[in-house]
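Here is how the chains run, residue by residue.
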Amino acid sequence: MSDYIRRLPVYLLLDCSGSMSGEPIEAVKQGIKTLLSELRGDPQALETAFLSIITFDSSARQLMPLTELMLFKEPPLQAGGATALGGALKILADCVRNEVRTSTATQKGDWKPLVFLMTDGAPTDNIDEGVDAIKNVSVGNIIACAAGANANVNCLKKITNNVLMMNNLTAGDMAQFFAWVSGSIKASSRSIDASPGAPVQLPPPPQGFVIVP
């Protein structure tokens, strides 16, 4: 791809702690497959969206750097361990600093990143350090999904005002979430092309999901 394409960076932060074992982690894997298929079938998203995956369990890591959709390979996911959400936020901040191109005198930089965070529990590390790190970088929308009854909504509200509540960790609910993520990325890629600089309007959340006030 040309270096002169303004990219729409998309970061997925995925909880892979022990409580995600079994059906939930398998549903996440399927969700990523569907997400890639949907985005690759959309010409505007295919041209502008670049995807990265950061996972967190007892530690956090970037499994896939920011990659164009046709070259993106699904990383292997396994569930186990604790919930190092604070560490994932710090890695996200580092990735945004290192991967997202900023504007120069002669060339516009990338669009502000979209961040989708999904967790089913409460952080087991220092989330405040991660929140502080995120405040020091420029991102567009951060959308957090509190998956299931054990997700700590109050912690997620520290990160972003955009918090969705998913009642269950079923394959059906997870599929709806990833379909909504796909729709949001498509809408964002169209919006930045039609109205550069305007706030991105995301589609309504899936049926049965609640926006946390």
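Everything below is about the structure shown above.
Residues numbered from 1 in each chain as written. Predicted model: local features only at pLDDT ≥ 70, side-chain atom pairs only at ≥ 80, totals over all residues. Heavy atoms only, no water.

(A) Broad picture of the pattern of salt bridges. Evaluation of the coordinates by the stated rule reveals 10 salt bridges. Among the salt bridges present, the one from lysine 29 reaches glutamate 26, with a minimum N-O distance of 3.2 Å. One end of the pair is lysine 29 and the other is glutamate 26, both in helix H1 (residues 23-40) and 3 residues apart, which spans about a single turn. Of the residues examined, lysine 29 reaches a relative accessible area of 27% and is grouped as partly exposed. Of the charged contacts, one joins arginine 61 and aspartate 57 as a salt bridge, the two residues approaching to 3.0 Å between their closest N and O atoms. (Salt bridge = Lys/Arg side-chain N within 4 Å of Asp/Glu carboxyl O. Helix = DSSP H or I, 4+ residues; strand = E, 2+ residues; numbered from the N terminus. Buried < 20%, exposed > 50% of the residue type's maximum accessible area, 1.4 Å probe, protein only.)

(B) View of helix H4 (residues 127-135). Listed in full, the buried residues belonging to H4 are Ile127, Gly130, Val131, Ala133 and Ile134. Burial along H4 is one-sided: seen end-on, the buried residues are contained in an arc of 160°. On its buried side, H4 packs onto helix H3 (85-99), strand E5 (142-147) and helix H5 (153-159). Sitting at the head of H4, asparagine 126 places a side-chain oxygen 2.9 Å from the backbone nitrogen of aspartate 128. (Arc of directions from axis to C-beta. Contact = heavy atoms within 4.5 Å. Polar contact = N/O pair within 3.5 Å; in protein donor to acceptor, adjacent residues only side chain to side chain.)

(C) Main features of the sheet that holds strand E6 (residues 162-166). One open sheet accounts for 7 strands, arranged E3-E2-E1-E4-E5-E6-E7; its pairing is mixed. A single partner strand is all that each edge strand has here, and the edge strands are strand E3 (60-68) and strand E7 (210-211). As defined by bridge partners, strand E4 (residues 114-119) adjoins E5 across 5 bridges and the pair is classed as parallel. Along E5, the bridge assignment pairs threonine 119 with alanine 146. Lying over the sheet, H3 contacts strand E1 (8-15), strand E2 (49-56), E3 and E4, oriented at roughly 30° with respect to E3. (Pairing = 2+ DSSP bridges. Axes fitted to C-alpha atoms, helices over the stretch in contact; angles between N-to-C directions.)

(D) Spatial organisation of the side chain of serine 182. Positionally, serine 182 belongs in helix H6 (residues 171-194). Take serine 182: its relative accessible area is 2%, and that puts it in the buried class. Sequence-distant contacts of serine 182, that is, excluding residues within four places in its chain, are made with Leu35, Glu38 and Leu39.

(E) Quick peek at the pairing of E2. Where burial is concerned, most of E2 is hidden: 8 out of the 8 residues are buried. The alternating pattern of E2 places Ala49, Leu51, Ile53 and Thr55 on one face and Phe50, Ser52, Ile54 and Phe56 on the opposite face, and all of these are buried. Pairing between E1 and E2: 8 bridges, direction parallel. Paired with proline 9 across the two strands is phenylalanine 50, which belongs to E2. Here E2 pairs with E3 via 6 bridges, running antiparallel. Its bridge partner being in E3, phenylalanine 56 is matched across the sheet by alanine 60. Here E2 hands over to E3 after 3 residues, the two strands then running antiparallel side by side.

(F) Just the nonpolar core, in detail. Leu12, Val28, Phe116, Met118, Phe177 and Ile185 are the most contacted members of the largest nonpolar core, which has 38 residues in total. Listing elements by their share of this core, those giving two or more residues are E1, H1, E2, E4, E5, E6 and H6. Once you skip the residues sitting within four places of it in the chain, methionine 118 turns out to touch Leu13, Leu14, Asp15, Met20, Val28, Phe56, Cys145, Ala147, Met174 and Phe177. Residues Leu13, Ala88, Val96 and Ala133 belong to the second largest nonpolar core, which totals 34 residues. (Core = buried A, V, L, I, M, F, W, Y, C linked by side-chain atoms within 4.5 Å.)

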